[in-house]
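Chains, contacts and geometry: an overview
What follows is the residue order along each chain.
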Amino acid sequence: MLDRIEKTCFRHKGGLRPNVMALLYCQLAYFGGAALILSMSPVLMAAGTLAMAHGMVIASYMIHECGHNTLFKSPRHNALMGCALNWLAGGCYGSYEDLRSVHMKHHVDNADVGGLDYRGYLTRHPVQLKIVEALEWLYVPVVEFFMHGALILAPFLVKEKKDQRSRIVGTILARFGLLLALLLYSPLAFACYLAAYAILVTVLRFMDALQHNYDNIITSAGRAGLAERREDQDYEQSHTFSNLISTRYPWLNLLTLNFGYHNAHHSRPTAPWHELPKLHEALYGNEANVVIPFGKQLASFHKGRVARVLGDPSETQGNRFGQRLRDGSAVGATGVSFLTPL
């Protein structure tokens, strides 16, 4: 019976068990964590905060799987699951269709494509830039919060998204209503949810920061220069890096659903998350220049946390980014989460 379900519903052979386990885990961690937070026991609330945060992390990367249609055979079923998981991950202010469309441009155009030039805005407002840099120095992921806030406002400010106004109003009423109820029940429980969400955002931005040294393209300013790199696999692989949590203990990479096997993912975007370790081994073996040591990731993430606000355009040229990755001094990117399709 299970074989029949797998052949009928799931896109890849052997996909039923790992995907069902991942889906069950993210829901159990999220709602179980919520129950622990509501217990009002300090120890349980701390554990619940971490559990909820990790449930949202896994939900986010399962949304990524749905976006690539690697979960189910039917694109419609992938879309329905992606929409549902987006509520858990807190990215539901943007539509799943926009999320998938923007992420596919990332793969096809070999660039970080977006519609919001927050760097230009901050450059024009130096006082706000200093505030943002100060908060980022304190490890507050304010750029990501800014991007999520812009996602809420986009249907009211961008005419191309005005057809989403009724959906966003309903989403705001539902989510803000739940958050208000939680705040009234317990300000401490509310703070735990905010902490869990901040952990989610930090994990996602940590994984995104060093995976590419692509150009950042603002669509409102045109898409000049994209055509020459579109579907250029040599450019794609030479500007993509795998940020594994561990090479010695591969199971630790499941903490981010194998998202760190990023060269393998870009080599074959339709490969499901549970096949990426084998694909990485087959394609790259022990190539040291592909994998960023975890210690160097931490060093770069720490050292570049302020400079990353505006980024360093020179890292898109030559092999400077690769050298900095090996030194633990890379700046990388921020504000490029697939959960904020702007």
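Please refer to the structure higher up on the page.
Residues numbered from 1 in each chain as written. Predicted model: local features only at pLDDT ≥ 70, side-chain atom pairs only at ≥ 80, totals over all residues. Heavy atoms only, no water.

**Description of the overall build of the protein chain**
On a plain count of helices and strands, the protein chain comes out with 15 helices and two strands. By the compact-globule yardstick of 20 Å for 342 residues, the protein chain fits well, its C-alpha radius of gyration being 20 Å. Overall, the protein chain is about 60 × 55 × 45 Å in size when its C-alpha atoms are taken along their principal axes. Looking at the protein chain residue by residue over its 342 residues, the buried ones come to 49%. Relative to all contacts within the protein chain whose residues are 6 or more apart in sequence, the contacts with residues 24 or more apart total 71%. By element, 65% of the accessible surface of the protein chain is carried by carbon and sulfur atoms, the whole surface being about 16,600 Å². Of note, the protein chain has its 32 positive side-chain charges centred 5 Å away from the centre of its 26 negative side-chain charges. (Helix = DSSP H or I, 4+ residues; strand = E, 2+ residues; numbered from the N terminus. Rg over C-alpha atoms; globule rule 2.2 N^0.38 Å. Buried < 20%, exposed > 50% of the residue type's maximum accessible area, 1.4 Å probe, protein only. Contact = heavy atoms within 4.5 Å. Areas by Shrake-Rupley, 256 points an atom, 1.4 Å probe, with all protein chains shown as cover. Lys, Arg positive; Asp, Glu negative; His and termini not counted. Charge placed at Lys NZ, Arg CZ, Asp CG, Glu CD.)

**Things to note about the packing of helix α9 (residues 165–185) against helix α10 (residues 187–209)**
Packing of α9 against α10 leaves a shortest axis separation of 5 Å and a crossing angle of 135°. As the angle between them shows, α9 and α10 are arranged oblique. Each of Arg175, Leu179, Leu182, Leu183 and Tyr185 in α9 lies in contact with α10, whose residues at this interface are Pro187, Ala189, Phe190 and Tyr193. For the contact of α9 with α10, the per-class residue count stands at eight nonpolar, no polar and one charged. (Axes fitted to C-alpha atoms, helices over the stretch in contact; angles between N-to-C directions. Parallel < 35°, antiparallel > 145°, perpendicular 65-115°, else oblique. Nonpolar A, V, L, I, M, F, W, Y, C, P; charged D, E, K, R; others polar.)

**Details of the pattern of salt bridges**
Applying the stated rule across the entire model yields five salt bridges. The salt bridge partner of Glu144 is Arg205, with a shortest N-O separation of 3.7 Å. With a gap of 61 residues between them, Glu144 in helix α8 (residues 142–157) and Arg205 in helix α10 connect regions that are remote in the sequence. With a relative accessible area of 10%, Arg205 lands in the buried category. By sharing partners, the salt bridges in this structure join Glu136, Glu144 and Arg205 into a single network. (Salt bridge = Lys/Arg side-chain N within 4 Å of Asp/Glu carboxyl O.)

**A look at the nonpolar core**
Within the largest apolar cluster, 52 residues are counted, with the highest numbers of intra-cluster contacts made by Met52, Tyr61 and Met62. Where this core is concerned, the elements lending two or more residues are α2 (16–38), α3 (42–67), α4 (75–89), α5 (96–109), α10 and α15 (320–327). With 12 residues, the single largest contributor to this core is α10. For Tyr61, the residues in contact, after removing those within four places along its chain, are Val203, Leu204, Met207, Thr256, Leu257, Phe259 and Phe338. Judged by nonpolar contacts, the second largest core, of 15 residues, contains Tyr93, Leu129, Val132 and Val142. (Core = buried A, V, L, I, M, F, W, Y, C linked by side-chain atoms within 4.5 Å.)

**A look at a nonpolar patch on the surface**
Together, Leu153, Phe156, Leu157, Val158, Val169 and Leu173 make up a nonpolar patch on the protein surface, roughly 570 Å² of accessible area in all. Elements with a contribution of two residues or more to the nonpolar patch: α8 and α9. Here the nonpolar patch gets three residues from one element, more than from any other, and that element is α8. By secondary structure assignment, the location of Val169 is in helix α9. The exposure class assigned to Val169 is partly exposed, which follows from its relative accessible area of 37%. (Patch = residues over 30% accessible without salt bridge, like charges linked within 9 Å, V, L, I, M, F, W, Y side chains within 5 Å.)

**Observations concerning the state of the cysteines**
One pass over the full model with this rule turns up zero disulfides. Free of any disulfide, Cys9 has its nearest neighbouring cysteine sulfur in Cys66, separated by 14 Å. Taking relative accessible area as the criterion, Cys9 reaches 31% and is therefore assigned partly exposed. The thiol of Cys26 is not disulfide-bonded; the next cysteine sulfur, from Cys66, is found 9.8 Å away. Residue class for Cys26 comes out buried when judged on its relative accessible area of 0%. (Disulfide = S-S within 2.5 Å.)

**Some words on the packing of aromatic side chains**
Working definition: an aromatic ring pair is given by the centre-to-centre distance plus the angle between the planes. Tallying each qualifying case throughout the model produces 12 aromatic pairs. On the basis of an interplanar angle of 80° and a centroid distance of 6.4 Å, the ring pair of Tyr93 and Phe176 is categorised as edge-to-face. Taken together, the residues Tyr93 in the loop between α4 and α5 and Phe176 in helix α9 connect sequence positions 83 residues apart. Residue classification places Tyr93 among the buried positions, given a relative accessible area of 7%. Three or more aromatic residues link up through ring pairs in this structure, and these residues are Tyr61, Phe259 and Phe338. (Phe/Tyr/Trp six-rings, centres within 6.5 Å; stacked < 30°, edge-to-face > 60°.)

**Some thoughts on unusual backbone geometry**
A positive phi angle, close to 70°, is found at Met40, a residue other than glycine. Take Met40: it is sitting in the loop between α2 and α3. The residue Leu257 is not glycine, and still its phi comes out positive at about 55°. Position of Leu257 relative to the elements: it lies in the loop between α11 (233–238) and α12 (262–267).

**A short note on the side chain of Thr171**
Note that Thr171 resides in helix α9. In this structure, Thr171 is in contact with Trp87, Cys92, Tyr93 and Phe176, ignoring residues within four places of it in sequence.

**Looking at the environment of Ala29**
Relative to the elements of secondary structure, Ala29 occurs in helix α2. Exposure remark for Ala29: the relative accessible area of 7% places this residue in the buried category. Sequence separation between Ala29 and Leu138 is 109 residues, and the spatial gap between their C-alpha atoms is 28 Å. Look past the residues within four positions of Ala29 in its chain and what remains in contact with it is Ala51, Met52 and Gly55.

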